[in-house]
Amino acid sequence: MIAPIPPVVPAGRMSDNAQPLLDLPGTGLELRPWRLADADALVAASHDPAISHWNLLPALSDDEARVRVERMHERWAAETAAVWAIARVDGGEVVGLAAWIGIDLNRGNAEIAYWVLPAGRGGGIAVEAARRLSRWALDDLGLHRLTLCHSVANPASCHVAEKAGFALEGTMRGALLHADGWHDDHLHARVQGDE
């Protein structure tokens, strides 16, 4: 009989601990858990054409945004996602979101998601957040494989993936339905031990 494969990351590694605050040195920004008071940033993101298109984020009301923030904390407790606000250290203004979604502790993998509001664009914030979250996911949490997927029509995300150390593995045809139809997606990945 074949012995069962143990989980890559034991259950409880996330839920038994508070979601950490992660610094982004030299940027004046940090990655912190979302707060109910941040709901207005989610509303703004949901009404930004680029964010809503590439992230499939529907237009949200204030109440719907607060429910989403509550769900972020529930998903941490369930060990299925880890969602951070990219926020200014000097006052907490949210300029973006960075997250691990589809976390599978048993198999040791997750997919990164991110967006940046217009006030934070152009300074490499998404790259820095992806690098920092990758270190946390691989070194602190103990995941083995991290993926980053984006539409081939979104070269900005391809740039983020490359700069953050996610190697291009291929193209997934017709992988995601956007408002303008099916998109082929690039699949990028980092695995434990990558430089």
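Throughout this description, residue numbers start from 1 for each chain and increase along the sequence as written. This being a predicted model, a pLDDT of at least 70 is required before a residue's local features are given, and a value of 80 or more before pairs of side-chain atoms are given or counted; all residues contribute to the totals for chains, interfaces and linings. As a rule here, side-chain values cover all heavy atoms of the structure and leave hydrogens and water aside.

With that settled, consider unusual backbone geometry. Phi is positive for Leu-56, which is not a glycine, with a value near 55°. Along the chain, Leu-56 falls in the loop between helix 2 (49–55) and helix 3 (62–77). The rule is simple: take the accessible area with a 1.4 Å probe, protein chains only, and divide by the maximum for that residue type; under 20% is buried, over 50% is exposed, in between is partly exposed. Here Leu-56 falls in the partly exposed class, since its relative accessible area comes to 40%. The residue Glu-79 is not glycine, and still its phi comes out positive at about 60°. Secondary structure elements follow DSSP: runs of H or I of four or more residues count as helices, runs of E of two or more count as strands, with numbering from the N terminus. Relative to the assigned elements, Glu-79 resides in the loop between helix 3 and strand 3 (82–88). Residue Glu-79 is classed as buried on the basis of its relative accessible area of 10%.

If you check which residues of helix 5 (residues 155–163) are buried, you get Ser-157, Cys-158, Val-160 and Ala-161. Looking straight down helix 5, one finds its buried side chains confined to an arc of 160°; they lie on one side. Residues of helix 5 that are exposed and point more than 90 degrees away from the buried face comprise Pro-155, Ala-156 and Glu-162. For this analysis, residues touch if any pair of their heavy atoms sits within 4.5 Å. Tucked inside the fold, the buried residues of helix 5 contact strand 5 (109–116), helix 4 (125–141), strand 6 (145–151) and strand 8 (181–191). Throughout, the arc means the angular range of directions from the helix axis out to the C-beta atoms.

Spanning 17 residues, helix 4 covers 22 Å between terminal C-alpha atoms, matching the ideal 24 Å at 1.5 Å per step. Here helix 4 has its buried residues at Ile-125, Ala-126, Val-127, Ala-129, Ala-130, Arg-132, Leu-133, Ser-134, Trp-136, Ala-137, Leu-138 and Leu-141. Gly-142 occupies a position one or two residues after helix 4 and carries a positive phi of about 95°. To estimate the expected span of a helix, count its residues, drop one, and scale the result by 1.5 Å.

Sheet architecture is open: eight strands sit in the order 1-2-3-4-5-6-8-7, paired in mixed fashion. Each of the sheet's edge strands pairs with one partner strand only, and the pair in question is strand 1 (22–24) and strand 7 (167–178). With strand direction ignored, the average angle separating the axes of adjacent strands in the sheet is 30°. Of the pairings in the sheet, the one linking strand 2 (residues 29–33) to strand 3 comprises five bridges and is antiparallel in character. Considered in strand 3, the bridge of Arg-32 is made with Ala-85. Note on method: axes are straight lines fitted to C-alpha atoms, helices fitted across the in-contact stretch only, with angles between N-to-C directions ranging 0 to 180 degrees. Here helix 3 sits on the sheet and contacts strand 2, strand 3 and strand 4 (94–104); the angle it forms with strand 3, its principal contact strand, is near 130°. Against the sheet, helix 4 engages strand 1, strand 2, strand 3, strand 4, strand 5, strand 6 and strand 8, with an angle of about 35° to strand 4. Two strands are said to pair when DSSP picks up at least two bridges between them.

In summary, the pairing rule links any two rings of Phe, Tyr or Trp, Trp by its six-membered ring, whose centres are within 6.5 Å, and it sorts them by plane angle into stacked for under 30 degrees, edge-to-face for over 60 and tilted for everything else. Scanning all chains against the criterion turns up four aromatic pairs. Aromatic side chains Trp-76 and Trp-84 sit 6.4 Å apart centroid to centroid with 80° between the ring planes, which places their arrangement in the edge-to-face category. Residue Trp-76 shares its accessibility class with Trp-84, and that shared class is buried. Measuring from centroid to centroid gives 6.0 Å for Trp-76 and Trp-136, while their planes differ by 35°, and the two rings are tilted. Here the residue Trp-76 occupies a position in helix 3, and Trp-136 occupies one in helix 4, the gap between them amounting to 60 residues.

Counting buried positions along strand 3 gives six out of seven residues, so the element sits mostly inside the fold. Relative to strand 4, strand 3 runs antiparallel, the two sharing six bridges. The residue of strand 4 that forms the bridge with Val-83 is Ala-99. The turn joining strand 3 and strand 4, which pair antiparallel and follow one another in sequence, is formed by five residues; a positive phi near 140° is taken by Gly-91.

This part is about the pattern of salt bridges. Between Lys or Arg on one side and Asp or Glu on the other, a salt bridge is scored when a side-chain nitrogen of the former is within 4 Å of a carboxyl oxygen of the latter. Applying the stated rule across the entire model yields eight salt bridges. Close ionic contact of Glu-93 with Arg-88 constitutes a salt bridge, the shortest N to O distance being 3.0 Å. With a relative accessible area of 42%, Glu-93 lands in the partly exposed category.

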